[in-house]
Amino acid sequence: MAAPGTLGLAFDSEATDTGVHRIRAIDPSGPAARSQSIHPGDFLVAVDSQRVSGLPRSAVLSMLSGAAGTTSTLTLQQNATETHHVRLTRDAAPPSVRSSALSSERVWAKPPVVSGGAGGKGR
């Protein structure tokens, strides 16, 4: 069985019918950070061409999960008019993530993260 992978990102999902999913944090050593194209505050629009708006968080987590070495293309929106696509290859999830309660999510490593506060990267 292949090792679980991580894209190195965390996201928040609004508990509304709109099902908006926004990047909350990025693991500075993960694939999302290395892409230099994903930032806290970006909205996740699609995973591998499948739109995520309106989907529950659990469905989006399932779409983002995969084995280390596999890839996914994320479509992100930074403002009202701009979207861009980023292809990421999953890193092996650290043992602390594999053995934690988050192991079923396998999307991001909890520590360390860079949040999108006032000192965040501008666009």
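Here the structure is a predicted model, which is why all the values come from computation and not from measurement. (Residues numbered from 1 in each chain as written. Predicted model: local features only at pLDDT ≥ 70, side-chain atom pairs only at ≥ 80, totals over all residues. Heavy atoms only, no water.)

## Focus on the overall build of the protein
Next, step 1: Secondary structure assignment for the protein yields three helices and nine strands.
Next, step 2: When the 123 residues of the protein are sorted by exposure, 37% land in the buried category.
Next, step 3: Here the analysis covers contacts within the protein between residues at least 6 apart in sequence; of these, 58% occur between residues at least 24 apart.
Next, step 4: Of the roughly 6,600 Å² of accessible surface on the protein, 52% is carried by carbon and sulfur atoms. (Helix = DSSP H or I, 4+ residues; strand = E, 2+ residues; numbered from the N terminus. Buried < 20%, exposed > 50% of the residue type's maximum accessible area, 1.4 Å probe, protein only. Contact = heavy atoms within 4.5 Å. Areas by Shrake-Rupley, 256 points an atom, 1.4 Å probe, with all protein chains shown as cover.)

## Examining the packing of aromatic side chains
Next, step 1: Evaluated as defined, the whole model comprises zero aromatic pairs.
Next, step 2: Lying over the aromatic face of F11, R57 brings its terminal NZ or CZ to 4.7 Å of the ring centre. (Phe/Tyr/Trp six-rings, centres within 6.5 Å; stacked < 30°, edge-to-face > 60°. Lys NZ or Arg CZ within 6 Å of the ring centre and 35° of its normal.)

## Regarding the environment of G19
Next, step 1: With respect to the helices and strands, G19 occurs in the loop between strand 2 (9–13) and strand 3 (21–26).
Next, step 2: In this structure the C-alpha to C-alpha distance between G19 and L55, which are 36 residues apart in sequence, comes to 5.6 Å.
Next, step 3: For G19, the residues in contact, after removing those within four places along its chain, are E14, V52, S53, G54 and L55.

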